[in-house]
Amino acid sequence: MRDLVKQYGNRLAVDHLSFTVPDGQIFGFLGPNGAGKSTTMNLMTGYLGPTSGEILVDGIPVTKEPEKAKRCIGYLPELPPLYMDMTVEEYLRFAAQLKKVPKSEREAQVDRVAGMTGVDQVLGRLIRNLSKGYRQRVGLAQALLGFPKVLILDEPTVGLDPKQILEMRTLISQLAQEHTVILSSHILSEVQEVCDHLLIIHHGKKVAAGEPAELERSLSGNPALEIVVRGEGEAVQSQLALLSGITSLTQHDCPEANCCAFRLESTPDQDLREAVFQTCARQGLPLLELRRDTLTLEDIFLKLTSDDVEEERDESSQTRSKEEKEAEQ
Ligand SMILES: Nc1ncnc2c1ncn2[C@@H]1O[C@H](COP(=O)(O)OP(=O)(O)OP(=O)(O)O)[C@@H](O)[C@H]1O
C-alpha cells in the first residue's frame, strides 16, 4: 500500500498510509473506533476506490486490475453478508458460484472450507438459527472459498464470547499456515497474541508499526520507579531530589503507617534503582518496596490513540450506522 488517501467529502478517513504485508504473516491492523480500519480494508479489497495512492496485492494493482486482484483475496467484512434464509450449505455453494469456482470443484471446496472452519456439523441448518460464533465461521468459510492467497478479516472476533474468541484465534493461526492474514481490531489483546506484525493507526495515519515485542520494547521508554520507604515524607523527598537524572518526583498516598510512597521518573538513559537503594541505605531509611512501572503494549496503544473521540458522521454523506447495516441483514 503506497501513500493511500481516502476522503469522504471533507473527512480524511485514510491519511497517506503506506505499508507492506510480507507473505505468510499474520498482520494486525489496530486502531480505535473510527481510526480508518474498515475503510483501509475496503480499499484493499477493491470495494472502495482510493482518493489517491496505490494498492498492490501480490503485485497486482487493485484499481487497475480489480478482478485479477480480487481473486487473490478472501474477505470477511465486519458484518458478513449472510443470507439468513439459506442453509449453510446453500449459502456456501452460492458463494462458490459467485466466486466463479469451477462447477466440478464446488462440492469439494464447500466440504473442505466447512471442515476447516468447523461448520461441517451445521451444513443443513438455516443461517438465521446459528449463533453469532457460527455465523462468523460461515463468513470465514465463504472467505476461504477459492483458496485465495490473502485473507482480510475485519474485526473477526467482534461480538463473540470469550470461548468463541479463543476458537477464532486458533482458527486464524491455523489458516496462517497457508495464507497471508490481515486482520483488524480495536482491541490490542485480541491481536497481540496471534499477530507477527502490528500496525497501529489513528485518525487514518500510521502511529506505530513492528513486531509486538519489539514495539513494546521500543515504545515503553524508561520505566518509572514506584518506591515505599519507612520514614517521614519530607526527609525522604529531600534526599531523593538530589539524585542526578531525576525528572519527576511525586509523593502519593501510602496505606502503611510511618511510611511514604513516591513515583520517580528519570531521563531515558538513567536507571535509578541502585542510586535509590544506596541513598536510602546511607540515610538509614529502610526501603520497603521498589518496583519498575513498565508500560505494557496495551498502555502504549492507549497512549498513542488516547485523544480519540469519534466525531459524528456527516449526515449529508451516505454513511450507514452499524445498527442500520445489522438491521439490513
Ligand atoms: N461512507 C462514509 N461517509 C463518510 N464518512 C465515513 C464513511 N465511512 C466511514 N467514515 C468515517 O471515516 C472514518 C473512518 O471510519 P472506518 O469505519 O474506516 O473506521 P474503523 O477504524 O473501521 O472504525 P470501527 O472500528 O468503528 O469500524 C470515521 O471518522 C468514519 O466516521
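Structure's up top.
Structure report, in brief. As the structure is a prediction and not an experimental result, all values here were calculated from the model. (Residues numbered from 1 in each chain as written. Predicted model: local features only at pLDDT ≥ 70, side-chain atom pairs only at ≥ 80, totals over all residues. Heavy atoms only, no water.)

1. Concerning the pairing of strand β3 (residues 26-30)
- For β3, a buried count of five out of five residues is recorded, marking the element as mostly surrounded by other parts of the structure.
- Residues Ile 26, Gly 28 and Leu 30 point to one face of β3 and Phe 27 and Phe 29 to the other, with burial holding for every one of them.
- Pairing of β3 with strand β9 (residues 180-185) involves five bridges; the strand directions are parallel. Pairing of Phe 29 across the sheet is with Ser 184, part of β9.
- Across four bridges, the pairing between β3 and strand β10 (residues 197-202) is parallel. The residue of β10 that forms the bridge with Phe 27 is His 197. (Buried < 20%, exposed > 50% of the residue type's maximum accessible area, 1.4 Å probe, protein only. Helix = DSSP H or I, 4+ residues; strand = E, 2+ residues; numbered from the N terminus. Pairing = 2+ DSSP bridges.)

2. Re helix α10 (residues 273-282)
- Taken together, the buried positions of α10 are occupied by Val 276, Thr 279 and Cys 280. Buried residues in α10, looked at end-on, bunch into an arc of 95°, giving them a common side. Exposed side of α10, more than 90 degrees from the buried face: Glu 274 and Arg 282 are the residues found there.
- Tucked into the core, α10 has its buried residues touching β12 (224-230), α9 (233-240), β14 (259-266) and β15 (287-293). (Arc of directions from axis to C-beta. Contact = heavy atoms within 4.5 Å.)

3. A closer look at the packing of aromatic side chains
- Under the counting rule described, the total for this entry stands at four aromatic pairs.
- A ring pair is formed by Phe 19 and Phe 27, whose centres lie 5.4 Å apart and whose planes are at 15°; its orientation type is stacked.
- You can call Phe 19 buried: its relative accessible area is 10%.
- Between the aromatic rings of Tyr 83 and Tyr 91, the centroid separation amounts to 6.3 Å while the plane-to-plane angle is 50°, which identifies the pairing as tilted.
- By relative accessible area, which is 3% here, Tyr 91 ends up buried.
- Taken together, the aromatic side chains of Phe 19, Phe 27 and Phe 29 make up a single cluster linked through ring pairs.
- Above the ring of Phe 147, the side-chain terminus of Arg 112 is found at 4.4 Å from the ring centroid. (Phe/Tyr/Trp six-rings, centres within 6.5 Å; stacked < 30°, edge-to-face > 60°. Lys NZ or Arg CZ within 6 Å of the ring centre and 35° of its normal.)

4. Here's the deal with the sheet that holds β12
- Read from one edge of the open sheet, four strands run β13-β14-β12-β15, paired in antiparallel fashion. Looking at the sheet topology across the chains shown, the edges are occupied by β13 (246-252) and β15. Each neighbouring strand pair of the sheet contributes to a mean axis angle of 20°, computed without reference to strand direction.
- Note that β12 and β15 share six bridges and pair antiparallel. Residue pairing for β15: Leu 225 is matched across the bridge by Arg 292.
- Sheet strands touched by α9: β12, β13 and β14. Its angle to β14, the strand with the most contacts, is close to 20°.
- Against the sheet, α10 engages β12, β14 and β15, with an angle of about 165° to β15. (Axes fitted to C-alpha atoms, helices over the stretch in contact; angles between N-to-C directions.)

5. Description of the side chain of Thr 40
- Take Thr 40: it is sitting in helix α1 (residues 37-44).
- In this structure Thr 40 touches Met 1, Val 14, Leu 17, Phe 19 and Phe 29, once residues within four positions along its chain are discounted.

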